[in-house]
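This is what each chain is made of:
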Amino acid sequence: MSNAPTFEPIDATLGAVVTNVDLNQVDDGTWGHIHAAFLKYGVLVFPGQHLDDDAQQAFAYRFGDRMEGRASGRITNQRKDGTLATKQDEAFRLQRGNEGWHIDSTYMPLAAKAGMLSALKVPPAGGQTEFADMRAAWDALDAAKQKQLEGLSAYHSLYHSQRKIGFVHNTDQRYGFHTQGAPLRPMTKRHPETGRMAIYAGRHAYEIPGMEAEESERFIDDLMAWACQPPRIYSHQWQVGDLAVWDNRCIMHRAALYDTSHPRVLRSSRVSGDPATELAPTFADPLADDFEPETGAQAAG
Ligand SMILES: [Fe+2]
């Protein structure tokens, strides 16, 4: 039963398409192959799996622990009654945000280790999930730029990234809109399992200590625009039943635009980072209503 799955590398610096495997039945031997490929390719796409909720959660949590507060859910432009969401809906505004390159949960004290999506409803065009390889981006930097980045950190805030695209959110303790402060994260990350270096930023990063606000915004925007280019990107065109998992420690992602008069429903699972390597110290977030330093300020970097 533990035949090795087939891994077909994508024509980019990241990603492989995995076939010859049933994710309902992943024994330890199969898991070993999948985990090794996850570390090597950064993104794995499993076409046509059609997992149910329980099977997806079971597979997701082989990668690590559930993400507190955001373990699983639907990324959807449909309201509970089936009608389509608009700008007035909070979830819709967050999905507009997902269209910018990002790393999941960097605005929480503990960032995510891995993310998983599967497609339940797909619009007729667009709505791809796109991935960008920050390991290859790091490798492509010249030595001087690498040295500069190694000395830099940035604050991360979901209030900030949403404000930047015109949406103001209240502090109400929903996921991301918290009073635990803005994590300060280095702009580089050495992968805790592979040792590979990666650029670590994304749309939630907003202020680099030592730079003026405008300068750091331009610096981050320019870095992301340069990094997220071929051959370092892969755009996955969803078919219902596909599942994708990515290493959130070195891969950024975003959603591609689509016509929101059609439903798009993805099932999401998020795997918690390791406090030893994904926990960041937090500082007052000027866009949050309040700040309770005791909840995050003691966290180890
Ligand atoms: Fe995301």
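These figures come from a predicted structure and were not determined experimentally. (Residues numbered from 1 in each chain as written. Predicted model: local features only at pLDDT ≥ 70, side-chain atom pairs only at ≥ 80, totals over all residues.)

1. Focus on the pairing of strand E6 (residues 129-133)
Moving on, step 1. Along E6, 4 of the 5 residues are buried, which leaves the element largely enclosed by surrounding structure.
Moving on, step 2. Pairing geometry for E6 and strand E14 (residues 251-255), over 5 bridges, is antiparallel. Opposite Thr-129, over in E14, you have Ala-255 as the bridge partner. (Buried ≥ 20, exposed ≤ 12 C-beta atoms within 10 Å, placed from the backbone. Helix = DSSP H or I, 4+ residues; strand = E, 2+ residues; numbered from the N terminus. Pairing = 2+ DSSP bridges.)

2. Overview of unusual backbone geometry
Moving on, step 1. Cis geometry is adopted by the peptide bond preceding Pro-231, which originates at Pro-230 and carries an omega value of 5°.
Moving on, step 2. Tracing the chain through its elements places Pro-231 in the loop between helix H7 (213-227) and strand E12 (233-236).
Moving on, step 3. The backbone phi angle of Gln-173 is positive, close to 70°, even though this residue is not glycine.
Moving on, step 4. Position of Gln-173 relative to the elements: it lies in the loop between helix H6 (158-164) and strand E8 (182-186).
Moving on, step 5. In this structure Gln-173 comes out as exposed when scored by C-beta crowding, with 11 C-beta atoms within 10 Å.

3. Points about the pairing of E14
Moving on, step 1. The buried fraction of E14 amounts to 5 of the 5 residues, a majority that puts the element mostly inside the structure.
Moving on, step 2. Where burial is concerned, the two faces of E14 agree: the one with Ile-251, His-253 and Ala-255 and the one with Met-252 and Arg-254 are both buried.

4. Regarding the environment of Met-67
Moving on, step 1. Mapped onto the secondary structure, Met-67 falls in the loop between helix H2 (53-60) and strand E4 (72-76).
Moving on, step 2. Taking C-alpha positions, Met-67 is 24 Å from Gln-128, a pair spaced 61 residues apart along the chain.
Moving on, step 3. In this structure Met-67 touches Ser-105, Ala-112, Arg-270, Val-271 and Ser-272, once residues within four positions along its chain are discounted. (Contact = placed C-beta atoms within 7 Å.)

5. A closer look at the nonpolar core
Moving on, step 1. With 66 residues, the main nonpolar core has Val-43, Leu-44, Ala-132, Met-134, Ile-199 and Ile-251 as its most contacted residues.
Moving on, step 2. By residue number, the principal contributor to this core is strand E5 (residues 112-121), which donates 5 residues.
Moving on, step 3. When residues no more than four places from it in sequence are discounted, the contact partners of Ile-199 are Met-134, Ala-137, Trp-138, Leu-149, Met-187, Thr-188, Leu-223 and Ala-227. (Core = buried A, V, L, I, M, F, W, Y, C linked by C-beta atoms within 7 Å.)

6. Comments concerning the sheet that holds strand E16 (residues 282-283)
The strands making up a sheet associate through backbone hydrogen bonding, with each pair oriented either parallel or antiparallel.
Moving on, step 1. The strand order E11-E7-E8-E16 describes an open sheet built from 4 strands, whose pairing is antiparallel. In the strand order of this sheet, the two ends are held by strand E11 (205-207) and E16, each with one partner.
Moving on, step 2. Where E8 lies against E16, 2 bridges are found, and the strand directions are antiparallel. For Pro-183, the partnering residue across the bridge sits in E16 and is Thr-282.
Moving on, step 3. Running over the sheet, H7 touches strand E7 (153-156) and E11 and is turned about 150° from E11. (Axes fitted to C-alpha atoms, helices over the stretch in contact; angles between N-to-C directions.)

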